[in-house]
Amino acid sequence: MADSGALTKRIVKESARLQQEPVPGIDAIVDEHNPRYFKVVIDGPSESPYEGGKFKVELFLPDEYPMAPPKVRFMTKLYHPNIDKLGRVCLDILKEKWSPALQIRTVLLSIQALLSAPNPDDFLDADVAEKWKADEHGAKAIARDWTQKYARES
């Protein structure tokens, strides 16, 4: 494939920028054996039910990147209408709104924003979305409880 050198160059450039100019509240470390795989930890945003949590996320750049979006999965269990029990994320820029102009940094910021503002109308987990719509206060209490249980550094 003729573009593989350019793609690798872009990945190297984006990875270097993430290390030199880290996104506040996000640690993204490139795997030493695979430059397309990132181990990410996102701090739960303040004034959200996820505050105080450390959420482990896997980010993988497919061979088609940047023409195709990164693959993202939460490894930390959390109660959120846009993240299912397997950790898959429902976010428009990871699907139909993806553009090669977007970068890893943009994806991570968007995921962080999703933690601040869950969208139960574009859900991935129907049960959580239903609870969020019917009793937002109760849903946030469950999310806080899960954050305490699953997203605390031990």
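None of these values were measured; they are calculated from a predicted model.

All right, on to the overall build of the chain then. Secondary structure summary: the chain contains four helices and four strands in total. The secondary structure elements of the chain, listed N-terminal to C-terminal, are α-β-β-β-β-α-α-α. Residues classed as buried in the chain amount to 44% of the 154 residues present. Counting only contacts in the chain whose residues sit at least 6 apart along the sequence, the fraction spanning at least 24 positions is 55%. Taken as a whole, the chain presents about 8,700 Å² of accessible surface, with 52% of it coming from carbon and sulfur.

Next up on the list: the packing of helix 3 (residues 126-134) against helix 4 (residues 136-150). The N-to-C vectors of helix 3 and helix 4 enclose an angle of 130°; their axes lie 5 Å apart at closest approach. Here helix 4 runs oblique to helix 3, going by the angle between their axes. Along the contact surface, helix 3 presents Lys131, Trp132 and Ala134, while helix 4 presents Glu136, Gly138, Ala139, Lys140, Ile142 and Ala143. Residues belonging to the contact of helix 3 with helix 4 are distributed by class as follows: five nonpolar, one polar and three charged.

Attention now goes to the pattern of salt bridges. Using the criterion set out here, one finds twelve salt bridges in the structure. Note that Arg36 is salt-bridged to Asp63, the shortest N-O span being 3.8 Å. One end of the pair, Arg36, is in the loop between strand 1 (26-30) and strand 2 (37-43); the other, Asp63, is in the loop between strand 3 (54-60) and strand 4 (71-74), with 27 residues separating them in the sequence. A salt bridge links Lys149 to Asp145; the shortest N-O distance between them is 3.4 Å. Note that Lys149 and Asp145 are positioned in helix 4 at a spacing of four residues, about one turn of the helix. For Lys149, a relative accessible area of 53% gives the class exposed.

Two elements, strand 1 and strand 2, share five bridges in a ladder whose sense is antiparallel. Bridge pairing in strand 2 links Ile29 to Lys39.

Bringing the UniProt feature "active site" (unreviewed entry) in the chain into the picture now. On the UniProt side, "active site" (unreviewed entry) is annotated at positions that read Cys90 here. Along the chain, Cys90 turns up in the loop between strand 4 and helix 2 (104-116). Every residue in contact with Cys90, bar those within four places of it in the chain, is listed here: Asn82, Lys95, Leu114, Asp122, Phe123 and Leu124.

How each quantity is defined
Residues numbered from 1 in each chain as written. Predicted model: local features only at pLDDT ≥ 70, side-chain atom pairs only at ≥ 80, totals over all residues. Heavy atoms only, no water. Helix = DSSP H or I, 4+ residues; strand = E, 2+ residues; numbered from the N terminus. Buried < 20%, exposed > 50% of the residue type's maximum accessible area, 1.4 Å probe, protein only. Contact = heavy atoms within 4.5 Å. Areas by Shrake-Rupley, 256 points an atom, 1.4 Å probe, with all protein chains shown as cover. Axes fitted to C-alpha atoms, helices over the stretch in contact; angles between N-to-C directions. Parallel < 35°, antiparallel > 145°, perpendicular 65-115°, else oblique. Nonpolar A, V, L, I, M, F, W, Y, C, P; charged D, E, K, R; others polar. Salt bridge = Lys/Arg side-chain N within 4 Å of Asp/Glu carboxyl O. Pairing = 2+ DSSP bridges. UniProt positions renumbered as here; feature names shortened; annotations may be inferred.

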